[in-house]
Amino acid sequence: CTYPQNLEGSITILGEKGTVRVGGLAVNEIQAWHFADEKEYDQQVKAANYETTSVYGFGHPLYYKNVIEVMKGEAKPITDGREGLKSLELLIAAYLSARDNKTISLPLTY
């Protein structure tokens, strides 16, 4: 939170064969999507921006709704801890790659 309002956040990934920047109020804008090799889905990704007035975007309310429905026995979880670990594994791989100056393959081997 930033006074007097929240400012945008962003994630930029710089690679040997591509650059991606996702930013905006709720990290909801594809601001850069450039790769040496084009893929059939590139235009679809570039157009995946959405408008929001909340720093939380639209993901949190839907997630919380699912949690409540699961607890009531009315739905199945849309995600679980194993999916969350995939994000953590990606971050660990990025740190290891930067530290050791080498390519790190996923999934990680322990």
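Before going into details, it helps to say that this report is about the structure given with it. Bear in mind that the values here come from a model prediction, so they are computed numbers and not experimental data.

With that out of the way, let us pick up the pairing of strand S3 (residues 29-35). Sheet topology note: the strand S2 (residues 18-23)/S3 ladder contains six bridges and is antiparallel. Among the inter-strand pairings, Arg21 is bridged to a residue of S3, identified as Ala32. Linking two consecutive strands that pair antiparallel, namely S2 and S3, is a turn of five residues; a positive phi of about 100° is found at Gly24 within it.

This part covers the environment of Tyr50. Locating Tyr50 in the fold gives a position in the loop between helix H1 (42-46) and helix H2 (59-71). It is 9.7 Å that separates the C-alpha atoms of Tyr50 and Gly24, two residues lying 26 residues apart in sequence.

This paragraph deals with a nonpolar patch on the surface. A cluster of nonpolar side chains, namely Ile11, Ile13 and Val27, defines an oily patch on the protein surface of about 270 Å² accessible area. Among the secondary structure elements, Val27 is positioned in the loop between S2 and S3. When its relative accessible area of 35% is taken as the criterion, Val27 is described as partly exposed.

Let us look at unusual backbone geometry. Across the junction of Leu106 and Pro107, the peptide omega takes the value 0°, indicating a cis bond. Along the polypeptide, Pro107 turns up in the segment after helix H3 (81-100). Of note in this structure, Asn101 is not a glycine but carries a positive phi near 55°. Here Asn101 shows up in the segment after H3. A residue is classified by how much of its surface remains accessible, and Asn101, at 71% relative accessible area, is exposed.

Turning our attention to the side chain of Asn66. When you line up the elements, Asn66 lands in helix H2. Of note is the side chain of Asn66, whose polar atom sits 3.1 Å from the backbone oxygen of Lys76. Those residues in contact with Asn66 that sit more than four places away from it in its chain are Ala75, Lys76, Pro77 and Ile78.

For the rest of this paragraph, the subject is the pattern of salt bridges. Inspection of the entire model under this criterion finds three salt bridges. Close ionic contact of Glu69 with Lys65 constitutes a salt bridge, the shortest N to O distance being 2.6 Å. Residue Glu69 and its partner Lys65 are located together in helix H2, separated by four residues, close to a single helical turn. Relative accessible area serves as the criterion here: at 22%, Glu69 is assigned to the partly exposed category. Judged by relative accessible area, which is 46%, Lys65 ranks as partly exposed. Of the charged contacts in the structure, one is a salt bridge between Lys86 and Glu83, with a shortest N-O distance of 3.0 Å. Linking Lys86 with Glu83, this pair stays in helix H3, spanning three residues, or about one helical turn. Using a relative accessible area of 38% as the deciding quantity, one classes Glu83 as partly exposed.

Reading the values: the criteria
- Residues numbered from 1 in each chain as written.
- Predicted model: local features only at pLDDT ≥ 70, side-chain atom pairs only at ≥ 80, totals over all residues.
- Heavy atoms only, no water.
- Pairing = 2+ DSSP bridges.
- Helix = DSSP H or I, 4+ residues; strand = E, 2+ residues; numbered from the N terminus.
- Patch = residues over 30% accessible without salt bridge, like charges linked within 9 Å, V, L, I, M, F, W, Y side chains within 5 Å.
- Areas by Shrake-Rupley, 256 points an atom, 1.4 Å probe, with all protein chains shown as cover.
- Salt bridge = Lys/Arg side-chain N within 4 Å of Asp/Glu carboxyl O.
- Buried < 20%, exposed > 50% of the residue type's maximum accessible area, 1.4 Å probe, protein only.
- Polar contact = N/O pair within 3.5 Å; in protein donor to acceptor, adjacent residues only side chain to side chain.
- Contact = heavy atoms within 4.5 Å.

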